[in-house]
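# Working through the structure, step by step
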Amino acid sequence: MEKARFRIEVFYKTEDSRGNVLKNRLKNRGFGLEKVLITDNYLINADLSESDAVKAALSLIQPVTQDFLINEAFSPDEFDYAVEIGFLPGVTDNAAHTVRESIEDLLKVSLSIEDSVFTTVTYFLWGSISEKEARKIGSEMYNPLIQRIKVLSRQEYFNRGGMGNEIPVVKIFENPEADEVDLSVPDDQLIKLGREGIPNPDGTRRGPLALEMASLETIRKYFNEVEKRNPTDIELESIAQTWSEHCKHTIFAARMDHDVTGGIYKKYIKEATVRIRREKGGKDFCVSVFSDNAGGIEFDENYIIADKVETHNSPSALDPFGGSITGIVGVNRDIIGFGIASRPIANRYGFCFADPFDNRLLYRDKKGESMLLPPRRILEGVVHGVNVGGNHSGIPTPQGFVYFDERYKGKPLVFVGTLGLIPREVCGKLSVVKKARAGDNIVMIGGRVGRDGIHGATFSSEALNSGSPAAAVQIGDPITQKKFSDAIVKEARDMGLYNSITDNGAGGLSCSVAEMARECGGFEVFLDRVPLKYPGLSPWQIWVSESQERMTLSVPPEKLDRFISLMKKRGVEATVIGVFNNSSRGIVKYHDKVIFDLDMTFLHEGLPEKKLKTSYPKKSNKYPPFDEPDNFNNIFLDMMGRLNTASFEFISYQYDHEVQGNSVIKPLQGKGRVNGNVSVIRPLLDSKRGVVLSHGLYPSYSDIDTYWMAACSIDTAVRNIVSAGGALDRIALLDNFCWCDSNNPERLGQLKEAARACYDFAVQYGTPYISGKDSMFNDFKGYDEDFNEVFISVPPTLLISSTGIIEDITLALSIDFKFAGDLIYIIGETLDETGGSEYLAYMGEKISGTKYIGDRIPRVNAPLFAEIYGTFERAVKSNLITSSISIERGGLAVALCKSAIAGMLGFSADLLSVPAEEVRRNDTVLYSESQGRFLVSVNPDKKGKFEELFKGIPMGFIGTVNESGRGVITGLDGGKIVDVSINRLAESYKNRFKGF
Amino acid sequence: MAKPEVLLLAGYGINCEDETAYAFEYSGAKSRIVHVNDLIENRSMLNTCRILVFPGGFSYGDDTGSGLALANRIKNNLMDELLAYIERDTLVLGICNGFQVLVNLGLVPALKRDQSTAGNSADGTTGRVEAALVHNNTFRYQCRWVDLMIEKNSPSVFIRGIRRLHIPVAHGEGNFYAPEDTLKAIENGSRVTMRYVKPEGTPAQGLFPFNPNGSMNDIASICDGTGRIMGMMPHPERAIFFTQRDDWTFLKEKYIRENKEIPEESDGIMIFRNAVNYFS
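Residues numbered from 1 in each chain as written. Chains lettered and ligands numbered in written order. Predicted model: local features only at pLDDT ≥ 70, side-chain atom pairs only at ≥ 80, totals over all residues. Heavy atoms only, no water.

All names here are of chain A. Among the eleven residues in strand β6 (residues 117–127), ten count as buried, and that is most of the element. Both strand β3 (residues 33–44) and β6 contribute to a ladder of eleven bridges, which runs antiparallel. Paired with D40 across the two strands is V121, which belongs to β6. As paired elements, strand β5 (residues 81–87) and β6 share six bridges and run antiparallel to each other. Among the inter-strand pairings, I85 is bridged to a residue of β6, identified as V121. (Buried < 20%, exposed > 50% of the residue type's maximum accessible area, 1.4 Å probe, protein only. Helix = DSSP H or I, 4+ residues; strand = E, 2+ residues; numbered from the N terminus. Pairing = 2+ DSSP bridges.)

Here it is, written out as structure tokens:
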């Protein structure tokens, strides 16, 4: 390994809370630690004088609290072990980037981007720990896929004179040329090519193309008959990216059985939107759907809201931090790339994890060399990634959820979404229309290109197994992105300096350039002009790399100088890498040699149609009947502390939801700080109009019936918006399907049914889909602790995100009970619908050790529910409601407790007053998850008006808010069945994730 | 009266400039957002500016320590102009990351500055770093609403007439630290402008979450000796309207029942009004 000239170690002279917190955290996990000290180390490999190195070091410390050593090991007294963690070669090192810029500015020198600055962190440990334990502590803190670690005992540390000056410089010894790929090979070789990738000279493979036989045959035919030659590696890789499941959504586009000829996307999702827009006529609020990087709806006469929700599951399984930060920063870029460029105004998230208290390990390989990170590590990493990504970008995160199921252990699901705002007109033109013109320069801005993220698009189209490429992992750099985001959205856009813009996401340049070229008809790219992080990349790697924080723009020649000079002033690297044309060909050159020359139509439309067969045999999920419990006090407490009902305040407060000043209804509500399921923001401070955000998700219902699972998700997403004051006729939906094992006809049968419900219920509510995404292979193939083979598929998961409009934010509602004496009403009907409920899962675990599922899945009576929602809206407008919560997972009981904990007030309630004619059991009334229901509190002065308005709608006056500090419930037979203290409920609700 | 010109720095990860500019405009000032690089290129912009603002954000991603890299950029390129600027009858406000920058530039608490005759940079007393904002005790980013008590004796012009504030914090490194002697001098020299308190107004005494970061003496904000330069961790620009408050839905109901008018504005706006009114 190469060594740096200077190693600067920065240490604290004063107390450093990082060490204390880490010590406590490790102590809680059973390590006998007494003290932890941390040094931040900067390895500087540059030709600086000793005095300049001292100047540089002085600029790296906070002089009141820190000091430094240069080329001298920090040696605190009597520590036991030292653990140093640094990055592997080529992994994004954001701090190093800042340090290099600062030193250049300080010393007015120019340092090499590739190999001048690296950072590491050293942990000095005190305590009664063995070397094995020290290593274990190390492995708790680092990820072998992206980092390197050094664990030294005190003695070794001194013998070696510290950690040393080695630096992870990237060394690639490859022939940077395009290779020809012979397609005239037997079919089994062709299949192998599709599955494992193009062979290298040494026999290894470059990683999956994820091309199926039918696609490969089409490609072979095209090259034989049209081009009359073999493809180059870059052509084949490029086609694979463009045709990938990730980019083309082949399963959603496939012919399914006899009845869905054009694919479920067209028939159920797109068609629903088309019909709704037609039926709404003049009230249609969609502006741009399914065509751009995000969907767009009307905000008011002058502004448009852009909205997008993405998933980043596979990368988050490998490197939770890198995966999730890349996900959130990536979806921000979809918004920046919406229309002629939109400003991100809010982030949202949704995480599906396995039980973080489950410590049983899983391995990708049979030898146990490649361990899957345990659920708790995945949770912590994913949560932290969205923290850094969102907070550093200055985008508030008002809305999100966590959901747990043991089947997310092989692959977590990481949903990340962003909303943006864009004026309807920019420079006198409609802002959602953009078009690259022939003759425009192809300009890449932002970060440089490295090997990171190669095969991301094709990788996410495959199940996670031992061949999964570590190169698929990237780490986001929100500050680099923030720089160009500001420069584009706040300056270049309004100066009219470019004609079109898109994000470099999956497939990198290969997808962004080819996509934009559709607007004009062709392109020519000079690949050797693309700025690289380090030398030695093959041309195909440059073309498909998914290195982050990049966008592609089309800049007309007469504006190029202004554009480039503006970017330079903003510290944004901008490079002309080619020209758009109308040749109907896509051409890529590398050092003057043509290495890619394809027909644009073949590239975009050549993908053969896929035909899929589905089946959906429904299984019964009967469970042994159990008697109704006599006393609900303990059940009541337990049900508030379930993984799926408990407070996740620890996420809400570490995500800045106040930046931009747009927060109205916040993620934590009431004095008691309870997580709400809907948030409201006010994007323009001089307008009273607001945006309402929520979601619906019921993976547990998929075990019973995916049609009603989807129906409930849609109803919940819609109802939640209404519960906070949003208008029913201004709600847009986004669909994110995270499915599993999608070559299996039964899984496809479940998919088809879910999609059918998506059509049926969106149409009935008049809530169009404006954007969506699917991720079809969320499966894990590997081994358990005893090295038995396991195949874990996530439960079919559909996230419906909803975005609504509220005309006047001062009418928005929060969930907290507010005053003793207020009247509590339940609106909507309660049926015996406990199938897939949190209560059955809990009772099953309690009685038998495993969850019960049941069969009585909640149904959605859309015509009735729509009437309820319309009435609710009128009640909101008349200021008749004091608090409102939509009844979701956990049913009436959990909703009641949440409003009480949030308001820090007691209540008394009577189950006999709940409209539930067919229900005979108290537990069913309390915990059924029937849809279409709200729990509200009402000022007694408004009782008459309120009841008058809801006349004819199933509704019950069930109790009152009081100051007793207790929650008391009377059962169906008139006896008291619950009497618990609100404080104890709050404890149960908040203690589940204590210490997270 | 002419509207005072406010210059708000932007770029490199600063991210609260828009809402801060809005708060000043709303208070009757003229806001101008300027990229750090543009100011370095065109330093004379400081000549007409009356209020210089270092907004919140994540300059340089907090790498090497919050506010440090941006303070270095200014020290390396703008320090003389900045020192000349503060010698005039001007104001400087640093919020959150901006406060961290002010501390690392030595502009607050600037204990030595008022002891020297001219207070210019030549004697080396200004630009000396005397305190620090270190990692929160929880080593966790904290976005939450806090209660603040305004120090009666503070010379800060930003807090005139204010007694209490209910506004949010959002930071990972807001834990105010100063060596013992410095802390004494800060207290004795009336440099503290705001302290974290419990909702009922009693001192937080370091208790989380009232004191959200572990700051010594519950310090949330300090100023220099003239009172014209102030840094604060909490974000007043996020609390200028009633509906931005965390408890507004409760207060709205309360006011309705008490037949009181529902206010439009909230606490944070007073800071900006004070700054603007200084020039009237």
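This paragraph deals with the confidence of the model for chain A. Averaged over all residues, the pLDDT of chain A equals 94, while 98% of them reach at least 70. Predicted confidence for residues 465–470 of chain A stays below pLDDT 50, and this span has nine contacts to residues more than four positions away or in other chains. (pLDDT = per-residue confidence, 0-100. Contact = heavy atoms within 4.5 Å.)

On to the pattern of salt bridges. Residue and element names in this part refer to chain A. Taken as a whole, this structure holds 81 salt bridges over all chains when the rule is applied. R585 is the salt-bridge partner of E227, the closest N and O atoms lying 2.9 Å from each other. Within this pair, whereas E227 is found in helix α7 (residues 213–227), its partner R585 is found in strand β23 (residues 585–590), the two being separated by 358 residues in sequence. Among the residues examined, E227 registers a relative accessible area of 16% and is labelled buried. Taking the relative accessible area as the measure of exposure, R585 reaches 21% and is therefore partly exposed. (Salt bridge = Lys/Arg side-chain N within 4 Å of Asp/Glu carboxyl O.)

Residues and elements named next belong to chain A. Closest axis-to-axis distance for the helix α24 (residues 745–765)/helix α26 (residues 862–877) pair is 10 Å, and the angle between their directions is 35 degrees. As α24 runs across α26, the sense of the crossing is right-handed. Residue-level contacts link F761, Q764 and Y765 of α24 to A862, P863, F865, A866 and Y869 of α26. Residues that form the contact of α24 with α26 fall into these classes: seven nonpolar, one polar and no charged. (Axes fitted to C-alpha atoms, helices over the stretch in contact; angles between N-to-C directions. Left-handed = near helix turned anticlockwise from the far one by under 90°. Nonpolar A, V, L, I, M, F, W, Y, C, P; charged D, E, K, R; others polar.)

With that out of the way, let us pick up the interface of chain A and chain B. On the side of chain B, 60 residues touch chain A, which itself brings 72 residues to the contact. For the chain A and chain B pair, buried surface summed over both sides reaches about 5,500 Å², with 53% attributable to carbon and sulfur atoms. The closest approach of N and O atoms between E17 of chain B and K490 of chain A, which form a salt bridge, is 3.2 Å. The interface formed by chain A and chain B includes 31 residue pairs in polar contact (both at pLDDT 80 or more). Those elements that place two or more of their residues in the side of chain A that touches chain B are α1 (17–28), α2 (50–60), α3 (94–107), α14 (375–393), α16 (478–492), α22 (649–652) and β26 (663–665) of chain A. Per element, the largest residue contribution to the side of chain A that touches chain B is eight residues, and it comes from α3 of chain A. (Buried area = accessible area lost by both parts, 1.4 Å probe. Polar contact = N/O pair within 3.5 Å; in protein donor to acceptor, adjacent residues only side chain to side chain.)

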